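Observations on the three-dimensional arrangement
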Amino acid sequence: MDPFEARDAYAFDYRMHEGSAMKVSHHFAGHTGMPVAIQTWLIEPGGFEGFHRHEGQAALQEFYQVIEGQATMRVGEREYKLSPGDSILAYAGVDHDLRNTGTDALRVLVVWGPPGDADFSAFGSHQLAQQVRAGGVA
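Keep in mind that this is a model prediction, so the values were computed, not measured.

1. Details of the layout of surface pockets
- As a volume, the largest pocket reaches approximately 690 Å³.
- Along the walls of the largest pocket sit 18 residues, with V36, P114, G116, A118 and F120 positioned nearest its centre.
- Breaking the lining of the largest pocket down by element, the ones donating at least two residues are β4 (61-68) and β9 (106-113).
- Among the residues forming the lining of the largest pocket, the class breakdown is 12 nonpolar, 4 polar and 2 charged.

Quick look at the structure:
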């Protein structure tokens, strides 16, 4: 498989969780060798993912990062306003929904897979990230 994909080269129309239609790019069709799916979604103004949760045997956790546009995401009982560069996690078993609240298309990177942990402690960037979160380095 070619290790390069051009933006939107394999995008397709899709409707998730009774939400509105969107364009989805399922990068490398899931053949990355990593236990996650990596997707880019393009949601038109007013569009939404659909309120849902992943639990039981289909339990998934989802990472969302806004690339372009403005969004609101409900996770559990809280609602968050998202702008380019903002990220949010939807943990397994927690209700959530993403909505395009802007006037332009919303482009969001979504990475999803089963809950679990990985040990990244040998990597310098991970070590520094832990220190920054603990307030030890600026």
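Structure's up, so let's keep going.
2. Here's the deal with the sheet that holds β9
- Ordered in space as β1-β2-β3-β9-β4-β7, the 6 strands form an open sheet in which the pairing is antiparallel. Edge positions in the sheet fall to β1 (12-15) and β7 (87-90), since each has one partner strand and no second. Put simply, the sheet's adjacent strands are angled 30° from each other on average, direction ignored.
- Examined bridge by bridge, β1 and strand β2 (residues 21-26) share 4 bridges and lie antiparallel to one another. By the bridge assignment, D13 is partnered in β2 with K23.

Here is what the cut-offs are and how they apply
- Within each chain, residues carry numbers counting from 1 in the order of the written sequence.
- Note on the predicted model: pLDDT of at least 70 is required for a residue's local features to be given, and 80 or more for side-chain atom pairs to be given and counted; whole-chain, interface and lining totals, by contrast, use all residues.
- Note: side-chain values were computed over all heavy atoms of the structure, leaving out hydrogens and water.
- Two kinds of site are reported from a 1 Å grid over the protein atoms alone, namely cavities, where a 1.4 Å probe fits but cannot get out, and pockets, open sets with protein on both sides within 12 Å along at least five of seven lines, and residues are called lining when an atom falls within 4 Å of a point.
- Grid points are joined across faces, edges and corners, and a volume is the space filled by probe spheres set on the points.
- By the criteria applied, helices consist of DSSP H or I runs no shorter than four residues and strands consist of E runs no shorter than two, each listed in order from the N terminus.
- Throughout, the ten residues Ala, Val, Leu, Ile, Met, Phe, Trp, Tyr, Cys and Pro are labelled nonpolar, Asp, Glu, Lys and Arg are labelled charged, and all others, Gly among them, are labelled polar.
- If DSSP finds at least two bridges between two strands, the strands pair.
- Under this scheme, a helix contributes an axis fitted over its contacting stretch, all axes are lines through C-alpha atoms, and angles between N-to-C directions fall in the 0 to 180 degree range.

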